[in-house]
Amino acid sequence: PSRTLEEYAHEIMSHASACASATSARDATGNNAEQSLVLVRSWCADARVFLLVFPSAHAQRRALGRASMYLEDPETLGVVASALPSGARGGVANYSGHNMRVSALCRFIDACGGVDACWEEERELMRALMMHGIITHDVRTGTCVAARDVGKYRHKGEACVVAVQASGDAREVKDALIHEAMHGLWYARSAYAEQCYAYYASDALDARERAIWVDFLRELRYATEDEEVVVNEFQAYMATETQMFGGGGNGGGSGATKKGGGKKSGSSSSSSIDALTAMQVKFAEWARNVVADEDARALRCGETKAVFVR
């Protein structure tokens, strides 16, 4: 990459400072203090993967918290929440990173009753995505649709968004970026996703290991009845986690700050943590043989990388 992950993380942190300065300037003039919430970038390795950068945790939570609850929270799966829960019940709404297919985001917007019925922060996000040609508004049906072969990116096939928030902690930003990059890989590389499904269901894992993994996700308030959530998060955590378990013996990024603000999995026993670590080692060895060289290079950023990248 033209910039290391460290350099990009600091650029994201600068975005937060710039937004704060602009907001202060608007306050001083008595004008509307609202600041554009999101920067939109595309992955150089695949233009179907869009990175959304929010200037703060609050901005990201207000723009994507309900969408993630609609798609991943066990209590609100398929339901539009009227408010964002706080504290430990915040679950997916409190993530320091988000990911979803653009079509899934459109389903949420439509479930809300359309863009006009959404919260202001959600509407601003949709305006940004429309401006970049990622989403279009179907005037005939009144619904939002994921754009195909439109806009300056001319992405082919279905696009996805991954999101991170700026913070004062460069490590947290880097960890969230590399974790979300794995979700981008999942959405953009259908062959890789199918291989992950096959791996998860194979003899590589036994029933006890799969049960431990599902329990781990349940503790973090994922909708574990959704198979894609289970396997997509499996590959992302196994590829990047170093704080709540593992490290793959190879260094790497941590998804811990992505899910639940970096909290430790408090109720996980030491035996479960050992099992998760062993599962990560096995996954890393397997992934070295299936992840394409160009994708592995894209995931090798600065000193933070997927655990299977040598």
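Refer to the structure presented above.
Source: prediction; values computed, not measured.

(A) The arrangement of the pairing of strand β3 (residues 97-101) in detail. Burial of β3 is extensive: four of the five residues sit out of reach of the surface. Where β3 meets strand β6 (residues 160-165), five bridges bridge the pair, whose relative direction is antiparallel. Paired with Met100 across the strands is Val161, a residue of β6.

(B) Structural detail: helix α7 (residues 207-219). Relative to the 18 Å expected for 13 residues at 1.5 Å per residue, α7 spans 18 Å between its end C-alpha atoms, a close match to the ideal helical length. Within the sequence span of α7, burial applies to Glu209, Ile212, Trp213, Val214, Phe216 and Leu217. As for α7, its buried residues are in contact with α6 (190-201), α8 (227-240) and α9 (270-290). For α7, the capping residue at the N-terminal end is Asp206, with a side-chain oxygen 3.1 Å from the backbone nitrogen of Arg208. Positioned one or two residues after α7, Arg221 has a phi angle of 65°, which is positive.

(C) The side chain of Arg66, seen in detail. Examined against the element boundaries, Arg66 turns out to sit in helix α2 (residues 57-72). For Arg66, the residues in contact, after removing those within four places along its chain, are Arg61, Val80, Ala81, Leu84, Phe108, Cys112, Cys118, Trp119 and Glu122.

(D) Seen up close, the sheet that holds strand β1 (residues 39-43). Across the sheet, four strands lie side by side as β1-β2-β6-β3; this open sheet has mixed pairing. What marks the edges here is a single partner per strand, and that holds for β1 and β3. Taken over all neighbouring pairs, the strand axes of this sheet differ in orientation by 20° on average, direction set aside. The sheet strands contacting helix α5 (residues 170-188) are β1, β2 (46-54), β3 and β6, and the helix crosses β6 at an angle near 175°.

(E) Here's a closer look at the packing of aromatic side chains. One pass over the structure, following the stated rule, counts 14 aromatic pairs. Feature note: the residues Tyr199, Tyr200, Trp213, Phe216, Phe234, Tyr237, Phe245, Phe283 and Trp286 constitute an aromatic cluster, connected by ring pairs. The ring centre of Trp119 lies 4.1 Å from the NZ or CZ of Arg66, which sits over that ring.

(F) Inspection of helix α4 (residues 120-131) at higher detail. With 12 residues, α4 should cover 16 Å at 1.5 Å per step; its first-to-last C-alpha distance of 16 Å lies within 8% of that length. Here α4 has its buried residues at Glu121, Glu122, Glu124, Leu125, Met126, Ala128 and Leu129. Directly after α4, the chain includes Gly133, whose backbone phi takes a positive value near 75°.

(G) Examining the pattern of salt bridges more closely. Counted by the stated rule, this structure contains 14 salt bridges. The shortest N-O distance in the salt bridge between Glu121 and Arg62 comes to 3.4 Å. Of the two residues, Glu121 sits in helix α4 while Arg62 sits in helix α2, which places them 59 residues apart along the sequence. The class for Glu121 is buried, based on a relative accessible area of 17%. We classify Arg62 as partly exposed; its relative accessible area is 25%. With a shortest N-O distance of 2.8 Å, Arg218 and Asp215 are connected by a salt bridge. In this pair, Arg218 and Asp215 are both assigned in helix α7, three residues apart and thus about one turn of the helix distant. What emerges from the salt-bridge pattern is a single network uniting Asp46, Arg48, Arg189 and Asp295.

About the thresholds
Residues numbered from 1 in each chain as written. Predicted model: local features only at pLDDT ≥ 70, side-chain atom pairs only at ≥ 80, totals over all residues. Heavy atoms only, no water. Buried < 20%, exposed > 50% of the residue type's maximum accessible area, 1.4 Å probe, protein only. Helix = DSSP H or I, 4+ residues; strand = E, 2+ residues; numbered from the N terminus. Pairing = 2+ DSSP bridges. Expected span 1.5 Å × (residues − 1). Contact = heavy atoms within 4.5 Å. Polar contact = N/O pair within 3.5 Å; in protein donor to acceptor, adjacent residues only side chain to side chain. Axes fitted to C-alpha atoms, helices over the stretch in contact; angles between N-to-C directions. Phe/Tyr/Trp six-rings, centres within 6.5 Å; stacked < 30°, edge-to-face > 60°. Lys NZ or Arg CZ within 6 Å of the ring centre and 35° of its normal. Salt bridge = Lys/Arg side-chain N within 4 Å of Asp/Glu carboxyl O.

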